[in-house]
There are 2 protein chains.
Amino acid sequence: MPETRSGKPAAKCASSSPSPLQNHLLAVLPKKIQDRIFPQLELVYFPLGKVLYESGDTLRHVYFPTDTIVSLLYVMENGASAEISVVGNEGVVGVALFMGGESTPSRAVTQSAGHAYRLAGQKLKDEFNLHGEVLHLLLRYTQSLITQMAQTAVCNRHHSIDQQLCRWLLLAMDRLQGSEINMTQELIANMLGVRREGVTEAAGKLQKLGVINYNRGHITVLDRFRLEQLSCECYEVVRRETERLLPYVPDSGGEKNR
Amino acid sequence: MPETRSGKPAAKCASSSPSPLQNHLLAVLPKKIQDRIFPQLELVYFPLGKVLYESGDTLRHVYFPTDTIVSLLYVMENGASAEISVVGNEGVVGVALFMGGESTPSRAVTQSAGHAYRLAGQKLKDEFNLHGEVLHLLLRYTQSLITQMAQTAVCNRHHSIDQQLCRWLLLAMDRLQGSEINMTQELIANMLGVRREGVTEAAGKLQKLGVINYNRGHITVLDRFRLEQLSCECYEVVRRETERLLPYVPDSGGEKNR
DNA sequence: GTAGTTCGGTGCGGTAGCGCACCCTGCCTA
DNA sequence: TAGGCAGGGTGCGCTACCGCACCGAACTAC
């Protein structure tokens, strides 16, 4: 297991080493393509806060998370930041590589420690240029990412910190097994682009309502249903659209070999 | 000249009928591809406020604006709205079609009357699937659109109405010839996702500063330089990135025939 | 243990933007 | 020429959120 040490093992998932199939994009590829790609994947571990790329960096790899969560952030000239979108095991980090730009004016940071499989840029582009399943899958994923960004813009304009926090927690939960999130209020504030105190207040309300429980960087979601009710429509819009674009059948990997 | 009647001729541009070459994406294509595509284009005219597609509609065409401006809006359940991005003669409306989703949870509305060339969805997909210049050009354009959306999210979070209005005016100017914009404050408010009064106030300040002049739906930009200074960094970030991804040489169309 | 640091709670004044209400002006149409 | 109405201006109270300051509790290192 390559470089799989530098923090807590990320999750109660018992597996010693994550399988590429834990990533939904890799999982839905036809077996033939999996056989071609999987040998070229490298497992990497990312501790919390690891920067995968900086704004403007030329990307050398794309990353398929299995049990890590990556935030795409924009950092302003004055240092303030805002999360543009989130990528977990449903997606891939580094779309700019195959979209042709090779870089992007944003930063990718791990928001939850864990593993990802990385693929060398050139390898991916070779595969992409075969113009088959991989191209179409990645483009559909990119469209779902576009939806998420658009909704982030809407949410930033119209919804309260309370609602946005609910949405953020849901996005995190969807990408984790279990209902525990390791994240300080300070960091959540950076991602939402609001004050730390604002998050404290919103989180306090949720705790009083019995929806979550937290202390010193550990958040436990107690009532996911309430969370969805308290969230704005943005969460559901993105969820539905992603499901439409990338239907994922958990038990696949074997049956989808056209 | 097909259906080119129903309002003012949009601009002081003297040409009787706009050329496909006025659209930057069409203009930078190699001559060989232009010869193949141009005969399949249909010129259409859009009056102000025309809805090109609704949220969830299956797209039947893509549109290459020549002298119209199209807003991509998200409309919330309660009717409030926010602009996600803008498309003018630098781009194309309907990326969801070739990205594979066929529809998108947003609405496309003309923000400035004018013309566009439309291409049937299937024709575009055929061209796209030849996997040549068109595919790569459209993907790079899509990446620039992603940049714009991301920046809109950041701008919505961190910048004042004043700054956002400046940015909005610059985006409009870049897509128009001349410095006159026909748009009521009410409509601008819908796009920015703020109150009409907020726009009145911001526009009042700009007028007092001598940067713009307006009355009853006509805005004239007097001092573009000041406008750029008063705007937030978001405008410049998107402009630079778009230029990087899609360098456009105005006088081309003939020389780029590889 | 003790000291330093991280994390979170709280209070307070300031302000940008909201919702609402109302008004004026100029244009269009009957 | 009168009315209607779209476009815009202004005022007022309210709320969400900000910036700042300060504090205490919990964890970490020595």
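What you see is a predicted model, and the numbers here were worked out from it, not measured in a lab. (Residues numbered from 1 in each chain as written. Chains lettered and ligands numbered in written order. Predicted model: local features only at pLDDT ≥ 70, side-chain atom pairs only at ≥ 80, totals over all residues.)

**Quick word on the overall build of chain A**
Which entries qualify depends on this criterion: Helical segments are the DSSP runs of H or I of at least four residues, strand segments are the runs of E of at least two, and each set is numbered from the N terminus. The globule rule is 2.2 Å times the number of residues to the power 0.38, and the radius of gyration it is compared with is taken over C-alpha atoms. Residues are called buried when their C-beta atom has 20 or more other C-beta atoms within 10 Å, exposed when it has 12 or fewer, and partly exposed otherwise; all C-beta atoms are positioned from the backbone.
Assigned secondary structure in chain A consists of 10 helices and 10 strands. Against the globule reference of 18 Å for 258 residues, chain A gives a C-alpha radius of gyration of 18 Å, in line with a compact fold. Dimensions of chain A, computed from the C-alpha atoms along their principal axes, are close to 50 × 40 × 35 Å. Here chain A holds 258 residues, and the buried ones make up 50% of them.

**Describing the relation of the copies chain B and chain A**
Applicable threshold: Our superposition of the copies is a least-squares fit, built on the C-alpha atoms of residues whose pLDDT is at least 70 in both. C-beta atoms are first placed from the backbone for all residues, and any pair lying within 7 Å is then listed as a contact.
Between chain B and chain A, which share one sequence, the superposing operator has a rotation angle of 180 degrees and an axial displacement of 0.0 Å; the RMSD is 0.0 Å. Expressed as an axis order, the relation between the two copies is that of a two-fold axis. Judged by C-alpha distance, Ala153(B) is the residue of chain B that lies nearest the rotation axis, at 1.8 Å. Same-surface contact between copies: 100% of interface residues of chain B are shared with the interface of chain A.

**Quick word on the protein's contact with DNA strand C**
Counted only if it meets this: For each residue, a C-beta atom is positioned from the backbone; the residue is called near a molecule or strand if that atom sits within 6 Å of it. Under the scheme applied here, ten amino acids are nonpolar (Ala, Val, Leu, Ile, Met, Phe, Trp, Tyr, Cys and Pro), four are charged (Asp, Glu, Lys and Arg), and all others, including Gly, are polar.
In the vicinity of DNA strand C lie 16 residues, with Thr184(A), Gln185(A), Ser160(B), Arg195(B) and Gly198(B) positioned nearest. Taken together, the elements giving at least two residues each to the surface near DNA strand C come down to helix H7 (185-192) and helix H8 (196-208) of chain A together with helix H8 (196-208) of chain B. Broken down by element, the residue count for the surface near DNA strand C peaks at four residues, all from H8(A). Residues that form the surface near DNA strand C fall into these classes: four nonpolar, seven polar and five charged.

**Observations concerning the protein's contact with DNA strand D**
Lining the immediate environment of DNA strand D, one finds 17 residues, of which Ser160(A), Val194(A), Gly198(A), Thr184(B) and Gln185(B) sit closest. Elements with a contribution of two residues or more to the surface near DNA strand D: H8 of chain A together with helix H7 (185-192) and H8 of chain B. No other element matches the four residues that H8(B) contributes to the surface near DNA strand D. Grouping the constituent residues of the surface near DNA strand D by class yields four nonpolar, seven polar and six charged.

**Here's the deal with unusual backbone geometry**
For residues other than glycine, phi is negative in most cases, and the peptide bonds are mostly trans. All names here are of chain A. Phi at His131 is positive, roughly 60 degrees, even though this residue is not glycine. Looking at where His131 falls in the secondary structure, it is placed in the loop between helix H4 (121-128) and helix H5 (133-158). One non-glycine residue, Arg216, adopts positive backbone phi at about 35 degrees. Examined against the element boundaries, Arg216 turns out to sit in the loop between strand S9 (212-215) and strand S10 (218-221). Given 6 C-beta atoms within a 10 Å radius, Arg216 is considered exposed.

**Overview of the sheet that holds strand S2 (residues 51-53) of chain B**
Residues and elements named next belong to chain B. Note the threshold: Being paired, for any two strands, means DSSP has found at least two bridges between them. To obtain an axis, a line is fitted to C-alpha atoms, over the contacting stretch when the element is a helix, and the angle between two such axes runs from 0 to 180 degrees between their N-to-C directions.
Pairing in this open sheet of four strands is antiparallel, and the strands run S2-S6-S4-S5 from one edge to the other. Across the chains shown, the open sheet's two edge strands, defined by having one partner strand only, are S2 and strand S5 (81-87). Neighbour-to-neighbour, the strand axes of the sheet open up by a mean angle of 35 degrees, direction not taken into account. Here S2 pairs with strand S6 (residues 107-112) via two bridges, running antiparallel.

**Let's talk about the pairing of strand S7 (residues 114-120) of chain B**
Residue and element names in this part refer to chain B. Of all seven residues in S7, six are buried, a share of seventy percent or more. Bridging between strand S1 (residues 42-46) and S7 involves five bridges; their strand directions are antiparallel. Across the sheet, Tyr45 pairs through a bridge with His115, a residue of S7. The pairing of strand S3 (residues 61-65) with S7 spans five bridges and is classified as antiparallel. Looking at the pairing, Tyr63 lines up with Arg118 of S7.

**Details of the sheet that holds strand S10 (residues 218-221) of chain B**
Residues and elements named next belong to chain B. Read from one edge of the open sheet, three strands run S8-S10-S9, paired in antiparallel fashion. Here the strands that pair on one side only, and so sit at the sheet edges, are strand S8 (180-182) and strand S9 (212-215). Across the sheet, the mean angle from the axis of one strand to that of its neighbour is 15 degrees, orientation sign disregarded. Relative to S10, S9 runs antiparallel, the two sharing four bridges.

**What to know about the environment of Asp223(B)**
All names here are of chain B. Considering the arrangement of structural elements, one finds Asp223 in the loop between S10 and helix H9 (224-230). Judged by C-beta crowding, with 15 C-beta atoms within 10 Å, Asp223 ranks as partly exposed. Sequence-wise, Asp223 and Leu206 are 17 residues apart; in three dimensions their C-alpha atoms are separated by 10.0 Å.

**Structural notes on the nonpolar core**
Condition: Any nonpolar core is a set of buried residues, restricted to Ala, Val, Leu, Ile, Met, Phe, Trp, Tyr and Cys, that join up through C-beta atoms within 7 Å.
Val92(A), Met149(A), Leu169(A), Val92(B), Met149(B) and Leu169(B) are the most contacted members of the largest nonpolar core, which has 154 residues in total. Setting aside residues up to four positions removed in sequence, Met149(A) forms contacts with Ile84(A), Ser85(A), Ile146(B), Met149(B), Ala150(B) and Ala153(B).

**Observations regarding the domain arrangement of chain A**
Residue and element names in this part refer to chain A. The condition that has to hold: These domain boundaries are the output of an automatic or database domain assignment.
Partitioning chain A into domains gives domain 1 (20-130) and domain 2 (157-252). Using C-alpha coordinates to define each centre, domain 1 is positioned 22 Å away from domain 2. Taken together, the 16 residues of domain 1 in the interface contact 13 residues of domain 2. Broken down by secondary-structure element, the contributors of at least two residues to the side of domain 1 that touches domain 2 are helix H1 (24-27), strand S4 (69-75), strand S5 (81-87) and strand S6 (107-112).

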